[in-house]
Amino acid sequence: MIYNLDALDAPVGSVDWKSVRKMLGVFTPKELEAEITKPYFLQLPQSIRFCKIEQHSRYTFATFYIPSKGAGEKHVTISCYLFQDNLVFIDSQEYSKELLLHLIERTEQNQFKPDTLLYLFMDLMLDGDLEQLDHIQDKLSGLENAALYGEMKNFNQMMMRVKKEILHLYRYYGQLLNMGEKMMELELFSNENREAFRLLLSRISRFQDETKMFREYAVQVREVYQSQIDIRQNNIMKILTIVTTIFFPLSVIAGWYGMNFTFMPELSSPFGYPAVIAASIGALIGEIWLLKKKKFW
């Protein structure tokens, strides 16, 4: 899809790439292949893994790798070419087309410069990120509550997914910041857009600080989970120790009278068996009383 930057409210047909001026191109790979004439250097976003920017003699080339922003969604890869008067986006999921159509719908302005569109495009990319960060915070809070109240089924798997999501966002914002700083060094933006782009970089920096805080929060939640496991294990060991302590005297008595020596007086006494039973019960009661007095449970 091709737009005239002087009348962005309606697309135009195919154009001559060698002579066109003030053009916005938004293509999927299939649409680009259908163009009869096109610059030979336009590349498809097939192996993009980073957000970066490169300065060439006739154009500036940028790539965007946008992490998925919800369950079931895929990451988005976009190639962007900024010329003196033209701007071209190429992506396989029509994400850039949706953003630009949204931009056209929500603004009354229909004339743009390429650098202004690029800034607005990057600004729209961050729409919804605050809600995504809030969603991550809710996930971490839920995991913390689950750890505190012992509802720890599949805790490690859920924590791993959240930590990966945080890591991807942290790297994404870091790459956008590096990309934006290089854009400022290359002076891609006019004076009227430079200050607005600085504010955008400040916004990205705050988002990265949020993800950094979430990384630390995730570590704290993991420590809470581990402490709960330690407490549970300590309680189990305490119970086992108490049970062992209670039955230890009985084991001594059973071992002592199990020797069956000939001259053990209790063996021939008619009260020997009841006496051993009474001694065992007395030992159990005495131990239970002593443990309760010492507040072992």
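**Description of the confidence of the model for the protein chain**
Looking at the protein chain, the pLDDT average stands at 82 and 87% of residues meet or exceed 70. Averaged over each element, pLDDT in the protein chain is lowest for strand E2 (residues 7-12) (64) and highest for helix H5 (residues 155-186) (91).

**So, the nonpolar core**
Ranked by size, the top nonpolar core spans 59 residues in total, and within it Phe-64 and Leu-176 carry the most contacts. The element contributing the most residues to this core is H5, with 12 residues. Counting 10 residues, the second largest nonpolar core, distinct from the first, contains Met-23, Phe-27, Tyr-59 and Val-88.

**Considerations on the pattern of salt bridges**
One pass over the structure, following the stated rule, counts seven salt bridges. When the shortest N-O distance is used, the salt bridge between Lys-113 and Glu-192 registers 3.5 Å. One end of the pair, Lys-113, is in the loop between helix H2 (95-106) and helix H3 (114-125); the other, Glu-192, is in helix H6 (residues 191-257), with 79 residues separating them in the sequence. The exposure class assigned to Lys-113 is partly exposed, which follows from its relative accessible area of 46%. Between Asp-123 and Arg-203 there is a salt bridge, and its shortest N-O distance comes to 2.7 Å. One end of the pair, Asp-123, is in helix H3; the other, Arg-203, is in helix H6, with 80 residues separating them in the sequence. Asp-123 sits in the buried class, given a relative accessible area of 16%. Looking at Arg-203, the relative accessible area reads 22%, which means it is partly exposed.

**Observations concerning the side chain of Asp-123**
At 2.7 Å, the side chain of Asp-123 forms a polar contact with the side chain of Arg-203. Ignoring any residue separated from it by four or fewer positions in sequence, one finds Asp-123 in contact with Arg-106, Leu-200 and Arg-203.

**Here we look at H2**
Given a rise of 1.5 Å per residue, 12 residues ought to cover 16 Å, and the 17 Å separating the end C-alpha atoms of H2 matches this to within 8%. Those residues of H2 lying buried are Tyr-95, Ser-96, Lys-97, Leu-99, Leu-100, Leu-103 and Ile-104.

**Brief notes about the packing of helix H4 (residues 129-148) against H5**
Following both chains from N to C, one finds H4 and H5 inclined at 150°, their axes separated by 11 Å at the closest point. Comparing their axes, H5 and H4 come out roughly antiparallel. Regarding H4 and H5, the two cross each other, and that crossing is left-handed. Contact residues: Asp-129, Gln-132, Leu-133, Ile-136, Lys-139, Leu-140, Leu-143 and Ala-147 in H4; Phe-155, Met-158, Met-159, Val-162, Glu-165, Ile-166, Leu-169, Tyr-172 and Tyr-173 in H5. A class-by-class count of the residues in the contact of H4 with H5 yields 13 nonpolar, one polar and three charged.

**Things to note about the environment of Phe-214**
In this structure, Phe-214 sits in helix H6. On a C-alpha basis, the gap between Phe-214 and Leu-167 in space is 9.6 Å, while along the polypeptide they are 47 residues apart. In contact with Phe-214, other than residues within four places in its own chain, are Leu-133, Ile-136, Gln-137, Leu-140 and Ile-166.

**Topic: a nonpolar patch on the surface**
Judged by side-chain polarity, Tyr-273, Ile-277, Ile-281 and Ile-285 come together as a nonpolar surface patch covering roughly 440 Å² of accessible area. Tracing the sequence through the fold places Ile-281 in helix H8 (residues 272-293). Taking the relative accessible area as the measure of exposure, Ile-281 reaches 45% and is therefore partly exposed.

**Section: the packing of H2 against H3**
The interhelical angle for the contact between H2 and H3, taken along N-to-C directions, is 105°, at an axis separation of 10 Å. Comparing the axis directions of H2 and H3 gives the class roughly perpendicular. Residues Tyr-95, Ser-96, Leu-99, Leu-100, His-102, Leu-103 and Arg-106 of H2 lie in contact with H3, whose contacting residues are Leu-117, Leu-120, Phe-121, Asp-123, Leu-124 and Met-125.

Calculation criteria
- Residues numbered from 1 in each chain as written.
- Predicted model: local features only at pLDDT ≥ 70, side-chain atom pairs only at ≥ 80, totals over all residues.
- Heavy atoms only, no water.
- pLDDT = per-residue confidence, 0-100.
- Helix = DSSP H or I, 4+ residues; strand = E, 2+ residues; numbered from the N terminus.
- Core = buried A, V, L, I, M, F, W, Y, C linked by side-chain atoms within 4.5 Å.
- Buried < 20%, exposed > 50% of the residue type's maximum accessible area, 1.4 Å probe, protein only.
- Salt bridge = Lys/Arg side-chain N within 4 Å of Asp/Glu carboxyl O.
- Polar contact = N/O pair within 3.5 Å; in protein donor to acceptor, adjacent residues only side chain to side chain.
- Contact = heavy atoms within 4.5 Å.
- Expected span 1.5 Å × (residues − 1).
- Axes fitted to C-alpha atoms, helices over the stretch in contact; angles between N-to-C directions.
- Parallel < 35°, antiparallel > 145°, perpendicular 65-115°, else oblique.
- Left-handed = near helix turned anticlockwise from the far one by under 90°.
- Nonpolar A, V, L, I, M, F, W, Y, C, P; charged D, E, K, R; others polar.
- Patch = residues over 30% accessible without salt bridge, like charges linked within 9 Å, V, L, I, M, F, W, Y side chains within 5 Å.
- Areas by Shrake-Rupley, 256 points an atom, 1.4 Å probe, with all protein chains shown as cover.

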